[in-house]
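Listed below are the residues making up each chain.
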Amino acid sequence: MPGFELFGDKERKEVQDVMDSGVLMRYGFDAMRNGHWKTKELENGLAERMQSKYAHAVSSGTAALTVALASAGIGAGDEVIMPTFTFVASFESILALGAVPVLVDIDDTLTLKPQAVENAITPRTKVVMPVHMCGSMANLDALKAICDKHGLLLLEDACQAIGGTYDGKPLGSIGDLGCFSFDYVKTITCGEGGAVITNNKAYYENAHKYSDHGHDHIGNNRGAEGHPFLGYNFRISEMNAAVGVAQVSRLDEFIAIQKRNYTILREALSSIPEIVFRTVPDGGEENYSFLNFFLPTEDISKKSHQALSENGVDGCFYWYNNNWHYYKKWEHLTNLKSLGNLPKDVKESLPDYSKADFSESDKWMSRNISCLIKLGWSEEEAVQRANTMVEAVKSSI
Ligand SMILES: *Cc1c(COP(=O)(O)O)cnc(C)c1O
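Just so you know, the residues in each chain are numbered from 1, in the order the chain's sequence is written. Per-residue local features of the predicted model are confined to residues with pLDDT of at least 70, and side-chain atom pairs are confined, for both listing and counting, to 80 or more; whole-chain, interface and lining totals are unaffected and use all residues. Hydrogens and water are ignored here; the side-chain numbers use all heavy atoms of the structure.

> Residue-level account of the site of the ligand, with values.
Lining the immediate environment of the ligand, one finds 14 residues, of which G61, T62, S181, D183 and K186 sit closest. Polar contact is the term for a pair of N or O atoms within 3.5 Å; when the atoms are in protein, one must be able to donate a hydrogen and the other to accept it, and sequence-neighboring residues count only if both atoms are side-chain atoms. For the ligand, an oxygen atom lies 2.9 Å from a polar atom in the side chain of Q160. S181 is positioned with one of its side-chain polar atoms (N or O) 2.7 Å from an oxygen atom of the ligand. Here the ligand, which alone exposes 380 Å², has 93% of that area covered by the protein. Think of it as three bins: nonpolar holds Ala, Val, Leu, Ile, Met, Phe, Trp, Tyr, Cys and Pro, charged holds Asp, Glu, Lys and Arg, and polar takes everything else, Gly as well. Considered class by class, the residues forming the shell around the ligand number 5 nonpolar, 6 polar and 3 charged. A cutoff of 4 Å decides nearness: a residue is near a molecule or strand if any of its heavy atoms lies inside that distance of it. Computed with the Shrake-Rupley method and a 1.4 Å probe, the accessible areas treat only the protein chains shown as cover for residues.

> Describe in detail the state of the cysteines, supporting the description with residues and values.
A pair of cysteine sulfur atoms is labelled a disulfide when the two atoms are within 2.5 Å. A complete count under the given rule lists 1 disulfide for this structure. What pairs with C316 in a disulfide is C371, and their sulfur atoms sit 2.3 Å apart. Because the torsion about its S-S bond is 110 degrees, the bridge between C316 and C371 counts as right-handed. One end of the pair, C316, is in strand 13 (residues 316-317); the other, C371, is in strand 14 (residues 368-372), and 55 residues separate them in sequence. The classification of residues rests on relative accessible area computed with a 1.4 Å probe and restricted to protein chains. Under 20% of the type maximum is buried, over 50% is exposed, and intermediate values are partly exposed. Using a relative accessible area of 1% as the deciding quantity, one classes C371 as buried. Lacking any disulfide linkage, C190 is separated from the closest cysteine sulfur, that of C159, by 12 Å. A helix here means a DSSP run of H or I that spans at least four residues, while a strand means a run of E at least two residues long, and both kinds are numbered starting from the N terminus.

> An account of the sheet that holds strand 14 is requested, with residue identities and associated values reported.
Paired strands, in this sense, are two strands between which DSSP finds at least two bridges. Pairing is antiparallel in the open sheet, where 4 strands are placed in the order 10-12-14-13. Lying at the two open borders of the sheet, with one neighbouring strand each, are strand 10 (276-277) and strand 13. The pairing of strand 12 (residues 290-294) with strand 14 spans 5 bridges and is antiparallel. Note on strand 14: the bridge partner recorded for F294 is N368. Pairs of residues are marked as contacts when any of their non-hydrogen atoms sit within 4.5 Å. To get an axis, a line is fitted to the C-alpha atoms, and for a helix only the part in contact is used. The angle between two axes follows their N-to-C directions and goes from 0 to 180 degrees. Taken strand by strand, helix 10 (residues 298-310) contacts strand 13 and strand 14, and its axis lies near 25 degrees from that of strand 14.

> Got a sec to walk through the domain arrangement of the protein? Specific residues and values, please.
Just so you know, the domain bounds were taken from an automatic or database domain assignment. One can read the domain layout of the protein as domain 1 (3-250) and domain 2 (253-394). Spacing between the C-alpha centres of domain 1 and domain 2 amounts to 23 Å. Between domain 1 and domain 2, the residue contacts involve 50 residues of the former and 46 residues of the latter. Computed with a 1.4 Å rolling probe, the buried area is the accessible surface lost when two parts are put together, summed over both parts. Buried area between domain 1 and domain 2, both sides added, is near 3,900 Å², and the carbon and sulfur share of it is 63%. Sorting the residues of domain 1 by area buried against domain 2 places D108, C134 and R250 first, and these three jointly supply 15% of that buried surface. Salt bridges are defined by distance alone: a side-chain nitrogen of Lys or Arg within 4 Å of a carboxyl oxygen of Asp or Glu. Between domain 1 and domain 2 we count 2 salt bridges in total. Ionic pairing is found between K113 and E360, a salt bridge with its closest N-O pair at 3.2 Å. On the surface where domain 1 and domain 2 come into contact, there are 23 residue pairs in polar contact (both at pLDDT 80 or more). Taken together, the elements giving at least two residues each to the side of domain 1 that touches domain 2 come down to strand 2 (79-83), helix 4 (89-96), strand 3 (100-104) and strand 6 (165-166). If one sorts the elements of the side of domain 1 that touches domain 2 by residue count, strand 3 sits on top with 5 residues. Residue composition of the side of domain 1 that touches domain 2, by class: 25 nonpolar, 17 polar and 8 charged.

> How would you sum up the sheet that holds strand 2? Please name residues and give values.
If you walk across this open sheet you meet the 7 strands as 1-9-8-5-4-2-3, and the pairing is mixed. Two strands bound the open sheet, and with one partner strand each, they are strand 1 (54-58) and strand 3. Going across the sheet, the axis of each strand differs from the next one's by a mean of 25 degrees, ignoring polarity. With 2 bridges connecting them, strand 4 (residues 125-128) and strand 5 (residues 153-157) associate as parallel partners. Looking across to strand 5, one finds that V127 is bridged to L153.

> Residue-level account of helix 8 (residues 238-249), with values.
Along its 12 residues, helix 8 runs 17 Å from first to last C-alpha, staying within 8% of the 16 Å computed at 1.5 Å per residue. Across the 12 residues of helix 8, 9 count as buried, placing the element largely inside the fold. Taken residue by residue, helix 8 has E238, A241, A242, V243, G244, V245, A246, Q247 and V248 as its buried positions. N-cap assignment for helix 8: the residue whose side-chain oxygen lies 3.2 Å from the backbone N of M239 is S237. In this scheme, a helix's expected span is set at 1.5 Å multiplied by one less than its residue total.

This is the structure we're talking about:
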């Protein structure tokens, strides 16, 4: 997955442009910047590639989620439905606004289970936030239908699935809002960064203002600008955006390499009858950043994971036991361990996750192994790895 594996001349040139002018800020300093507006360029490139009217770049994927929610007017006491399998950023962004993260089960897509979403809806629900984990997507048709029926917003977290598609449309562009991360280990990276995409002008207008202290960005005298509402600082720097400009232009190149390497591993593992690959919803195409499969039992999955690592196959994850990606290890959320007082709405409304029944999620996660697909492997290396993986998995069944 990581785009940092393939940094090269394009990235260097973009960064050098910024160094030459010395303007590291995305706004202002018009006379000094030699015509370089890297963040604008990144946004334009992303909007075009994602077939969306608007893109707004920010300082991280977590910032993108926070800004997206804020832009749609989400605030204290609103409930946001999110999956049990994701990154902690999902609930962090929700909590940052005083809203309430409502966890629900996943299914064999490793993303939100539509029926579980429907069951979790209350009068306070405002948003459904599918997270397209490990390169593949939620059943967006089903989720969209639920959102339409109940008047909810659909916010896609496409941080791990950039470049994947659903019904021929780029992931992130299908919901009311979509978010990407360009952190150091994502498919395309700019060190730290993220972006919100949308076709909704009002959300876009809110997003650029909110992420820059409420600046209205009218005219070219920053100090004289108005502030129509309270904001915050989630700005990206020009240095980071410059790397992003180069990386976005290479997205399709990266996806093609991932697809080749993924296909080599998948075809080899298909020879093992006990392996079942993760379900990709009809009409979906992964971005091939991970290869995900299920084994028959929790025990076999643990043994296989162990055998893979003992045989030198790095980058295979057993997320069921993972600190950052699965609800089981989120004691800090369950016990509301915060440095200061949390908003009253959160304390009163957060479900008691120590008592929650996520056995449906456990059923899938306890049998899942997820292998990172690297850009740096040659075809020969991928073939060799595939053979080692087959032997390791077979030895544990
Ligand atoms: C990486 C990631 C984020 C957060 O992105 P950062 O840029 O690291 O803040 C959010 N959601 C998912 C699913 C991620 O993988």
